[in-house]
Amino acid sequence: KERRRGRGRYRGRKCGRGHKGERQRGNRPRLGFEGGQTPFYLAIPKYGFNEGHSLRRQYQPLSLQRLQYLIDLGRVDPRQPIDLTQLTNARGVTVQPLKRDYGVQLVEEGADIFSAKVNIEVQRASELAIATIEKNGGVVTTSFYDPRSLEILCKPVLFFLRGRPIPKRMLPPEDLVRYYTDARNRGYLADPSKVAEARLELAKKYGYILPDITKDELFKMLSTRKDPRQIFFGLAPGWIVNMADKKILKPTDEKLLKYYSS
Amino acid sequence: GPGGQHVNKVNTKAEVRFHLASADWIPEAAREKMASMHRNKINRAGELIVNSEESRYQMRNLAICLEKIRTMVTEATEKPKVVSKETTQKLIERVEKMNRERLRQKKIHSNIKQSRKADFD
C-alpha cells in the first residue's frame, strides 16, 4: 500500500508537530511527569493488590448458557458423564494448566434458560448453578486436579503418546481440603448422606421440588463418580495406554499395585 | 418490555402470592398478626403478595421471596419477652445501689470540700 509521507500541503509544513516548544522540538519530559508536581503514580501509596497474583489459583468460567449451547449443538453428549476432557474435546472451554489454571468453575449466567439433565464434574461451582442443575434432575460434583493431572486430563492423547503410566491424582492442599469436604459445594470428598441433605436444603431454599433421580432411567450413569485417585473414567492409575497397537498395559508387580492403589 | 436499556428489556421479577386466611401451615395467632403487620401487602382477595426484583436470576429472586416470607412468619410467631421476677428485682436493686453509691460519693466529696474551709480560727 502507499506509504504516508510528510510532503505536500496536507502533511507538510509543521508535519503534525504543533508550533514551537518542546512538542515541536521533540524534547518532552518522560511519561508521567506533571511539571514538578508529585506525579500520580508516586503520590499514591503502594498496596499489595496484585501481590502473589502469579501464584493464585484461577478457574476458567463456564456459564450455564454456554453449556446449554454446547448440548443443543450436539458438541457435548448429555447421556454420558460430562468431564473436563469432554468439554475440552468439544472446544467448549480452553484451560491453560501452565497459567495457574486449576480447572473450570460453573457460573450462573444462563440459569433461567438452562434445561438439561447432566452429570457434571467441575472444580468449583456456585450455589445457584448447583441449584439449577439439580432442579433439572442432574448431578454436580466438584473435584480437585493438581496441575500435572490437569494437563493429562486436558490433553490425553499427547500424554498417551509419551508412553508413561497414568499417575495417581494428588489430594487437595490444606486450604482446599475444607472446600472439597463440604457437602454444600458437592465436594468429591464429602459424605454422600450429607450431600443428599444439602440437596434437600437447596430445594427448600430455592423453592423447587427435588426430582428423584433414583427413579430415572439414566440413574446409573448419573451416579457414576470418579475415585479420588483416578484421572480418567475407565482407566486406573498405573496403566499404560498404547495408541499405536490400541492396547492397555497393566502392572503386575506387587509393589507397583500397592503404590497405585493407595 | 419495550426496547431501551438492558434494564428495561430483562424482566426477572419474581412474585409469590398465597391466600393468608386459608394457609393452614401458619398457626392462627401468627396469621392474624401477619394480617395486621403487612396490611399494605394484602389485596382485596385476601392474598399476601411478596415480590422481589433484586437479582438478574429468577431463581434467586424466588429464593429471596421465600426468605422474606420466612422472616415474616418468624416475626409473627415470636413471643414477647417475659422478664422473670428475679430479673426485675435484680434490676431494681442495681438502680438503688447505684443511687446509694452516688450519694455516698457525694457526701465524701462534700466533707473534703468542707474540711478545706478555714471557718473558725
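Residues numbered from 1 in each chain as written. Chains lettered and ligands numbered in written order. Predicted model: local features only at pLDDT ≥ 70, side-chain atom pairs only at ≥ 80, totals over all residues. Heavy atoms only, no water.

An unreviewed UniProt entry lists chain B under the name Large ribosomal subunit protein mL62, with Phoenicopterus ruber ruber as the source organism. For chain B, the Sequence similarities (unreviewed entry) comment in UniProt is given as "Belongs to the prokaryotic/mitochondrial release factor family. Mitochondrion-specific ribosomal protein mL62 subfamily." (UniProt positions renumbered as here; feature names shortened; annotations may be inferred.)

Under the annotation held in an unreviewed UniProt entry, chain A carries the name Large ribosomal subunit protein uL15m and is attributed to Phoenicopterus ruber ruber. You can read under Subcellular location (unreviewed entry) in the UniProt record for chain A the words "Mitochondrion". Quoted verbatim from the Sequence similarities (unreviewed entry) field of the UniProt record, the comment on chain A reads "Belongs to the universal ribosomal protein uL15 family."

**Focus: the overall build of chain B**
Along the backbone of chain B there are four helices and two strands. Moving toward the C terminus, one meets the helices and strands of chain B in the order α-β-α-β-α-α. For chain B, whose C-alpha radius of gyration is 30 Å, the value lies well above the compact-globule estimate of 14 Å for 121 residues. Projecting the C-alpha coordinates of chain B onto the three principal axes gives extents of approximately 100 × 45 × 25 Å. (Helix = DSSP H or I, 4+ residues; strand = E, 2+ residues; numbered from the N terminus. Rg over C-alpha atoms; globule rule 2.2 N^0.38 Å.)

**Brief notes about the overall build of chain A**
Across its full length, chain A holds eleven helices and seven strands. Overall size of chain A, expressed as C-alpha extent along the three principal axes, is 85 × 55 × 45 Å. Put simply, chain A has 262 residues, and 39% of those count as buried. Taking contacts inside chain A between residues at least 6 apart in sequence as the whole, the part at least 24 apart equals 59%. When the accessible surface of chain A is summed, it comes to about 17,300 Å², and 51% of that surface belongs to carbon and sulfur atoms. The distance from the centre of the 50 positive side-chain charges to the centre of the 29 negative ones in chain A is 14 Å. (Buried < 20%, exposed > 50% of the residue type's maximum accessible area, 1.4 Å probe, protein only. Contact = heavy atoms within 4.5 Å. Areas by Shrake-Rupley, 256 points an atom, 1.4 Å probe, with all protein chains shown as cover. Lys, Arg positive; Asp, Glu negative; His and termini not counted. Charge placed at Lys NZ, Arg CZ, Asp CG, Glu CD.)

**Structural notes on the domain arrangement of chain B**
In terms of domains, chain B is made up of domain 1 (14–77) and domain 2 (81–120). The distance between the C-alpha centroids of domain 1 of chain B and domain 2 of chain B comes to 51 Å. (Domains from an automatic or database assignment.)

**Re helix α6 (residues 147–154) of chain A**
Since the α-helix advances by 3.6 residues per turn, residues separated by three or four positions end up pointing in the same direction. Within the sequence span of α6 of chain A, burial applies to Ser149, Leu150, Ile152, Leu153 and Cys154 of chain A. In this structure, the buried side of α6 of chain A is in contact with α4 (84–89), β2 (101–107) and α7 (156–162) of chain A.

**Considerations on the interface of chain A and chain B**
Contact with chain A, which involves 13 residues of that partner, is made by ten residues of chain B. One can count one salt bridge joining chain A with chain B. Arginine 56 of chain B is the partner of glutamate 109 of chain A in a salt bridge, and the nearest nitrogen-oxygen pair spans 3.5 Å. At the surface where chain A touches chain B, the tally comes to three residue pairs in polar contact (both at pLDDT 80 or more). Tallied by class, residues from the side of chain A that touches chain B come to five nonpolar, two polar and six charged. (Salt bridge = Lys/Arg side-chain N within 4 Å of Asp/Glu carboxyl O. Polar contact = N/O pair within 3.5 Å; in protein donor to acceptor, adjacent residues only side chain to side chain. Nonpolar A, V, L, I, M, F, W, Y, C, P; charged D, E, K, R; others polar.)

**Description of the confidence of the model for chain A**
Per-residue confidence for chain A gives a mean pLDDT of 90; residues scoring 70 or more make up 100%. Here helix α10 (residues 219–222) of chain A stands out as the least confident element of chain A, with mean pLDDT 85; helix α2 (residues 40–43) of chain A is the most confident, with 95. (pLDDT = per-residue confidence, 0-100.)

**Section: the environment of glutamate 101 of chain B**
Residues and elements named next belong to chain B. Relative to the helices and strands, glutamate 101 is located in helix α4 (residues 85–115). In this structure glutamate 101 comes out as partly exposed when scored by relative accessible area, which is 37%. Taking the C-alpha atoms as reference, glutamate 101 lies 56 Å from isoleucine 49; in sequence the two are 52 residues apart.

**Some points on the sheet that holds β2 of chain A**
Residues and elements named next belong to chain A. One open sheet accounts for three strands, arranged β1-β2-β4; its pairing is parallel. Only two strands of the sheet have a single partner each, and these edge strands are β1 (58–63) and β4 (124–125). With six bridges connecting them, β1 and β2 associate as parallel partners. If you follow tyrosine 59 over to β2, its bridge partner there is glycine 103. (Pairing = 2+ DSSP bridges.)

**Quick look at unusual backbone geometry**
One can expect most non-glycine residues to show negative phi and most peptide bonds to be in trans. All names here are of chain A. At cysteine 15, a position not held by glycine, the phi torsion is positive, near 55°. Cysteine 15 sits in the partly exposed class, given a relative accessible area of 42%. The residue arginine 186 is not glycine, and still its phi comes out positive at about 55°. Within the fold, arginine 186 resides in the loop between α8 (174–180) and α9 (192–206). When its relative accessible area of 1% is taken as the criterion, arginine 186 is described as buried.

**Describing the packing of helix α5 (residues 127–135) of chain A against α9 of chain A**
For any two helices packed against each other, one specifies the inter-axial angle together with the distance between the axes. Residues and elements named next belong to chain A. It is the contact of α5 with α9, at a shortest axis distance of 10 Å, that shows an interaxial angle of 95°. Accordingly, the angle class assigned to the pair α5 and α9 is roughly perpendicular. Where α5 approaches α9, its residues Glu127, Leu128, Ile130, Ala131 and Glu134 are matched on the opposing element by Arg199, Leu202, Lys205 and Tyr206. For the contact of α5 with α9, the class distribution of residues is five nonpolar, no polar and four charged. (Axes fitted to C-alpha atoms, helices over the stretch in contact; angles between N-to-C directions. Parallel < 35°, antiparallel > 145°, perpendicular 65-115°, else oblique.)

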